[in-house]
Amino acid sequence: MNRRILVVNGPNLNLLGTRAPEMYGSETLADAERIAAEAAREVGFDVRFVQSNSEGALVDAIHEARHDCDAVVINAGAYTHTSVAIRDALEAVSLPFAEVHITNVYAREPFRHHSYLSDVASCVIAGAGIRGYDFAVRRLAEVLAA
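Just so it is clear, the structure is predicted and the values come from calculations on it, not from any experiment.

Cut-offs used in this document
- Residues numbered from 1 in each chain as written.
- Predicted model: local features only at pLDDT ≥ 70, side-chain atom pairs only at ≥ 80, totals over all residues.
- Heavy atoms only, no water.
- Helix = DSSP H or I, 4+ residues; strand = E, 2+ residues; numbered from the N terminus.
- Rg over C-alpha atoms; globule rule 2.2 N^0.38 Å.
- Buried < 20%, exposed > 50% of the residue type's maximum accessible area, 1.4 Å probe, protein only.
- Contact = heavy atoms within 4.5 Å.
- Salt bridge = Lys/Arg side-chain N within 4 Å of Asp/Glu carboxyl O.

**Structural notes on the overall build of the protein**
In step 1: From N to C terminus, the protein includes five helices and five strands.
In step 2: Along the protein, from the amino end to the carboxyl end, the secondary structure elements read β-α-α-β-α-β-α-β-β-α.
In step 3: Taken over the C-alpha trace, the protein has a radius of gyration of 14 Å; the compact-globule value for 146 residues is 15 Å, and the two agree within 12%.
In step 4: C-alpha extents for the protein along the principal axes are approximately 40 × 30 × 25 Å.
In step 5: Within the protein, the fraction of its 146 residues that count as buried is 47%.
In step 6: Of all intrachain contacts in the protein linking residues separated by at least 6 positions in sequence, the fraction that spans at least 24 positions is 76%.

Now the structure itself:
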């Protein structure tokens with residue numbers, strides 16, 4: 001079985017490129033997926049993508065990852081700051097995961113400064129734009145190799 005990383009994108013990330021481009025940039029979700037796929041290929045991993053605006057669908061995708069994935073990259077969007085369910089799912093599958101934010105959430109509204117994921121993540125990448133997906137994939141490959 002090939003090694004695989006699941007890349008999870010939460011609510012509103014399907015609107016990348018059109019939603020607040022002054023904040024999120026003009027790149028699309030497809031661009032972010034391309035960057036992640038290129039990084040994964042370079043470090044010897046396959047990649048699977050899921051995007052949903054529904055918390056339950058994200059939890060289901062994380063649960064499924066335990067069967068055929070070695071790690072998870074997650075940009076949970078606003079669910080980062082609200083979802084105990086996503087945190088519990090990530091802990092339950094016991095896969096290393098990287099938390100990604102396109103913007104620097106610590107330079108934004110105070111409610112975005114708290115993450116339900118950060119303290120159990122292998123790494124947190126914030127403010128690197130969609131390049132953060134590249135960094136996350138490469139870091140998880142290092143974590144898995146250790």
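Still more ground to cover, so stick around.
**Observations regarding unusual backbone geometry**
As a rule of thumb, non-glycine residues mostly have phi less than zero, and peptide bonds are mostly trans rather than cis.
In step 1: Despite not being glycine, Ala 20 shows a phi value in the positive range, around 40 degrees.
In step 2: Mapped onto the secondary structure, Ala 20 falls in the loop between strand 1 (4-9) and helix 1 (21-24).
In step 3: Although it is not a glycine, Ser 94 adopts a positive phi angle of roughly 55 degrees.
In step 4: With respect to the element layout, Ser 94 can be found in the loop between helix 4 (84-93) and strand 4 (97-101).

**Describing the pattern of salt bridges**
In step 1: In this structure the tally under the stated criterion is 13 salt bridges.
In step 2: The salt bridge partner of Asp 119 is Arg 87, with a shortest N-O separation of 2.6 Å. In this pair, Asp 119 sits in the loop between strand 4 and strand 5 (123-126) while Arg 87 sits in helix 4, placing the two residues 32 residues apart along the sequence.
In step 3: Here Arg 131 ties to Asp 134 by a salt bridge, and the two come within 4.0 Å at their closest N and O atoms. Here the residue Arg 131 and the residue Asp 134 both occupy positions in helix 5 (residues 131-145), the gap between them amounting to three residues, near one helical turn.
In step 4: Residues joined in a network through salt bridges with shared partners are Glu 42, Arg 131, Asp 134 and Arg 138.

**Focus: the environment of Val 59**
In step 1: The residue Val 59 is located in helix 3 (residues 55-68) in this model.
In step 2: Classification of Val 59 as buried rests on a relative accessible area of 14%.
In step 3: C-alpha separation for the pair Val 59 and Cys 123, spaced 64 residues apart in sequence, amounts to 20 Å.
In step 4: For Val 59, the contacting residues outside a window of four places in its chain are Ala 85, Ile 86 and Ala 89.

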